[in-house]
Amino acid sequence: MTKLRSMMAKASVFSMAILKTCHGFYVPGVRPYEFEQGEEVPMKVNSLTSIHTQLPKDYYRLPFCRPTGGPKMASENLGEFLTGNKIQNSPYSINMLREVYCQVLCQVTLTKLEAHTLATHIKYGYHNNWIIDNLPGASVGITGSGQQQTHYAGGFPIGFITKDTKEVYVYNHVNIMLEYHNPDGKDGHRVVGFAVEPMSIAHEYSGGYEWDGESSEGFTKPLSTCKANEHMNLDSKGTYYSFQKVEPEQSIIYTYDVTWKYSETAWASRWDVYLSEDHMVPAQVHWYSITNSILVVLFLSLLVVSILVRNLRRDIAGYNAMEALTDEEKEEELDESGWKLVHADVFRPPAKYPMAFCIMVGTGAQIGLCAFFTICCSAVGFLSPARRGSLMTATLIFYMLCGCLAGYVSSILYKTFKGKKWQLCTVLTATAFPGLCFATFIFFNTILVFFRSTASVPFLDLIILAAMWGCISTPLVFMGSYRGYKRESISFPTVTSMIAREVPEPTPFMKPMVAISMAGMVPFAAAYVELFFIMTSLWMDQFYYVFGFTLVVFVILLITCAEVTVLLCYYQLCAENHRWWWFSFFASGSTAAYTFIYSFFWFRSLEASKMLITYMLYFGYMFLICTAMFLVTGSVGALTSLWFIRKIFGTIKVD
């Protein structure tokens, strides 16, 4: 036992040394821009978002100030459209190193409908998402203890509700705080920091002046709620102004300050504080996740090695020794038992739905390879949050390119099973899972159109997606399938009998359904900590960049699935159950069932609204994610079990 603990300690230290290089980093990916003093620094606005509704909305749907000539869309890629981004220009005028003090932007008089719409969005917790030089605006606020706190993800709220009176107030003044850096050998200045401090101020003009919201005089008239040449400060709230209430016929004056501050932060590392959320989540948490996963896989590996290696050596030696005996000596020996007895049935194709098995294994291999490539590219920095939509775009591209693997795996398995409908198998491999995803996406997209959400994808982009599926992914699946049918089928070390052997009644703990239901617990336990951060990033608008940890956890998850499935398949064969094909797939794939169950418990952290669409979006897309996970883990378990069973039956002598 002491020796075992020593080995595990050394293994953990060695793993930690390797993982020391697995922290996330990113490649900025765009050329830095040097602004000259006084040059305009454009500010853009993205969709309004709320974690409580999961329905991003157009910024200009609410009664905010509009730019001259109306909003104009910024150029966006396919991934940005698919993730609900809608980036547009703004009316804010910002110039490099030019301070702005309580500048009037516009005046909006709320109608009854506008007041109701604005109040509803504030109640649902919608946030602004502003962008300057590709940097998202961080949110600066005051905590209950009076300490200033900055959040770098999720934007800043559009308003607030008082706890006692439940009155709704809008943030109509913002302090735009920018940081700049002067690079060596360059004349201009680079933007390296961007934060927004929202405030609610019921502005009034000095001398009782009333503005109609259109004349130029209102932009220059002094406000009694602002001090000349002084920036507004949250610490002074309540001293000389009141909050701006949201009510019908209420005139809201929008204002803003701009402050510039020099920073030693280099342009290449300006995203670091966003990605680490200013170290709000300690790195030790991710190390705990990795340590937890490593310990799980170490314990499991030792268990598999101690059981399988010892038992298999004994079984193989006993079976081969039995073959060397004469017929008279064999009669004196006890009856054979164990996994050798099913040698004539172990490679019999699945009795039910062999084509579906081939399709699911091929699709799982495609998704698994796609996930591996995507995580690897993210881990080395090619797919950073600085490139909005790049992760979604890369996932689509890798999924299409991996279609040849899906066709190859499904075809060679179906040929091994001596299937005749190879055309149907190939077509379903190319259309089954993508069709499910596309149909679900179209269904939700249609609903989102009625909600006027920016998450609804334009019709042209839907055509592009359909073209990518039909013109690139499907032909690649057929190409891989053609290669698979042209090669020899998988050879087996034993001959399958004409009549299937009857499976004896198993003990309660050896029943396949019991083993399947328990198998997914171990792989899920190896990945659940990192899964929490992935879920938080996916549904709560948080940045996630520690893809080095994700890659390690992903590999450990697959290894754990393979080891658990091999161990359970061995015990099923020992119980003379030769129906292992579907068993191996479902045993390993049950990890996805635990993930889906976990999503129900995690859902409470969203504090979701009572809107039905929120529940539909969350559980609908989580079902798709868990289905993909089921196919990946299931295919890993099935292919590993196939390799294992071919190996052990290839080492014994059979009649």
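Everything below is about the structure printed above this text.
Overview of the structure. (Residues numbered from 1 in each chain as written. Predicted model: local features only at pLDDT ≥ 70, side-chain atom pairs only at ≥ 80, totals over all residues. Heavy atoms only, no water.)

## A short note on the state of the cysteines
In step 1: According to the stated counting rule, one finds 2 disulfides in the structure shown.
In step 2: Linked covalently through their sulfurs, C65 and C106 form a disulfide whose S-S length is 1.8 Å. One disulfide, between C65 and C106, carries an S-S torsion of -85° and so falls in the left-handed class. Residue C65 is found in the loop between strand 1 (43–45) and helix 2 (78–82), and its partner C106 is found in strand 3 (residues 100–109); the two are separated by 41 residues along the sequence. As far as burial versus exposure is concerned, C65 and C106 are alike and both buried.
In step 3: Cysteines bonded in the chain are numbered consecutively along the chain; their disulfide partners then correspond to 1-3, 2-4. (Disulfide = S-S within 2.5 Å. Helix = DSSP H or I, 4+ residues; strand = E, 2+ residues; numbered from the N terminus. Buried < 20%, exposed > 50% of the residue type's maximum accessible area, 1.4 Å probe, protein only.)

## Some details on the nonpolar core
The nonpolar side chains of soluble globular proteins are, as a tendency, buried together.
In step 1: Judged by nonpolar contacts, the single largest core of 90 residues is most densely connected at F357, L573, F585, Y618 and F649.
In step 2: The leading source of residues in this core is helix 16 (residues 612–649), at 15 residues.
In step 3: One finds Y92, L118, W271 and A455 within the second-largest nonpolar core, a separate group that totals 59 residues. (Core = buried A, V, L, I, M, F, W, Y, C linked by side-chain atoms within 4.5 Å.)

## Things to note about the environment of M355
In step 1: Here M355 is to be found in helix 7 (residues 354–379).
In step 2: Ignoring sequence-local partners within four residues, the contact set of M355 consists of Y414, K421, L424, C425 and L428. (Contact = heavy atoms within 4.5 Å.)

## Remarks on the pairing of strand 14 (residues 251–262)
In step 1: In terms of burial, strand 14 is a largely internal element, 9 of the 12 residues being buried.
In step 2: Both strand 12 (residues 173–181) and strand 14 contribute to a ladder of 8 bridges, which runs parallel. Paired with Y180 across the bridge in strand 14 is Y262. (Pairing = 2+ DSSP bridges.)

## What about the packing of helix 15 (residues 581–602) against helix 16?
In step 1: Two elements in contact, helix 15 and helix 16, have axes whose closest approach is 7 Å; the angle formed by their N-to-C orientations is 155°. As judged from the angle between their axes, helix 15 and helix 16 are roughly antiparallel. Considering how the two elements wind past one another, helix 15 and helix 16 form a crossing that is right-handed.
In step 2: The residue makeup of the contact of helix 15 with helix 16, split by class, is 17 nonpolar, 11 polar and no charged. (Axes fitted to C-alpha atoms, helices over the stretch in contact; angles between N-to-C directions. Parallel < 35°, antiparallel > 145°, perpendicular 65-115°, else oblique. Left-handed = near helix turned anticlockwise from the far one by under 90°. Nonpolar A, V, L, I, M, F, W, Y, C, P; charged D, E, K, R; others polar.)

## Brief notes about the sheet that holds strand 8 (residues 148–151)
In step 1: A sheet is described by the order of its strands in space; here 6 strands give the open sequence 3-14-12-13-7-8, paired in mixed fashion. On the outer flanks of this sheet lie strand 3 and strand 8, each paired with one strand and no other. Averaged over all pairs of adjacent strands, the angle between their axes in this sheet comes to 25°, without regard to strand direction.

## Things to note about the packing of aromatic side chains
In step 1: Per the counting criterion, the structure on display carries 53 aromatic pairs.
In step 2: Ring geometry for Y180 against Y262: centres 5.5 Å apart, planes inclined by 75°, an arrangement best described as edge-to-face. Here Y262 lies in strand 14 and Y180 lies in strand 12, a separation of 82 residues in the sequence.
In step 3: Seen in terms of ring centroids, F372 and F373 are 6.2 Å apart; in terms of plane orientation they differ by 50°. Their pairing is tilted.
In step 4: Residue classification places F372 among the partly exposed residues on the basis of a relative accessible area of 32%. (Phe/Tyr/Trp six-rings, centres within 6.5 Å; stacked < 30°, edge-to-face > 60°.)

## Focus: the packing of helix 13 (residues 521–539) against helix 16
In step 1: Relative to each other, helix 13 and helix 16 sit at 130°, their axes nearing to 13 Å. The angle between helix 13 and helix 16 places the two elements in the oblique class. Seen along the crossing, helix 13 lies across helix 16 with a hand that is right-handed. Every residue of helix 16 that contacts helix 13 at M535, L538 and W539 is listed here: L617, Y618, Y621, M622 and I625.

## Brief notes about the pattern of salt bridges
In step 1: Counted according to the given criterion, the structure contains 8 salt bridges.
In step 2: Between E34 and R190 there is a salt bridge; the shortest N-O distance is 2.6 Å. Of this pair, E34 sits in the loop between helix 1 (2–19) and strand 1 while R190 sits in strand 13 (residues 190–199), and the two are 156 residues apart along the sequence. The same class applies to E34 and to R190, which are both buried.
In step 3: Put simply, E576 and R501 hold a salt bridge, and the shortest N to O gap is 3.0 Å. Separated by 75 residues along the polypeptide, E576 in the loop between helix 14 (547–574) and helix 15 and R501 in the loop between helix 11 (459–486) and helix 12 (512–519) bring together distant segments of the chain. (Salt bridge = Lys/Arg side-chain N within 4 Å of Asp/Glu carboxyl O.)

## Things to note about the environment of F398
In step 1: Within the secondary structure layout, F398 lies in helix 8 (residues 390–401).
In step 2: Once the C-alpha coordinates of F398 and S473 are considered, the two residues, 75 residues apart in sequence, prove to be 9.9 Å apart.
In step 3: Ignoring anything within four residues of it in the chain, the contact list for F398 reads C370, F373, T374 and C377.

## Considerations on unusual backbone geometry
In step 1: Not every positive phi belongs to a glycine, and K166 is a case in point at roughly 60°.
In step 2: When you line up the elements, K166 lands in the loop between strand 10 (159–161) and strand 11 (168–170).

## Details of the sheet that holds strand 5 (residues 130–132)
The strands that make up a sheet pair up through hydrogen bonds in the backbone, lying either parallel or antiparallel.
In step 1: The strand order across the open sheet built from 4 strands is 2-1-5-6, with neighbouring strands paired in antiparallel fashion. Pairing within the sheet leaves two strands with one partner each, and these edge strands are strand 2 (88–89) and strand 6 (135–136).
In step 2: Taken together, the 2 bridges between strand 5 and strand 6 define a ladder with antiparallel strand orientation. In the strand pairing of strand 6, I131 is matched with P136.

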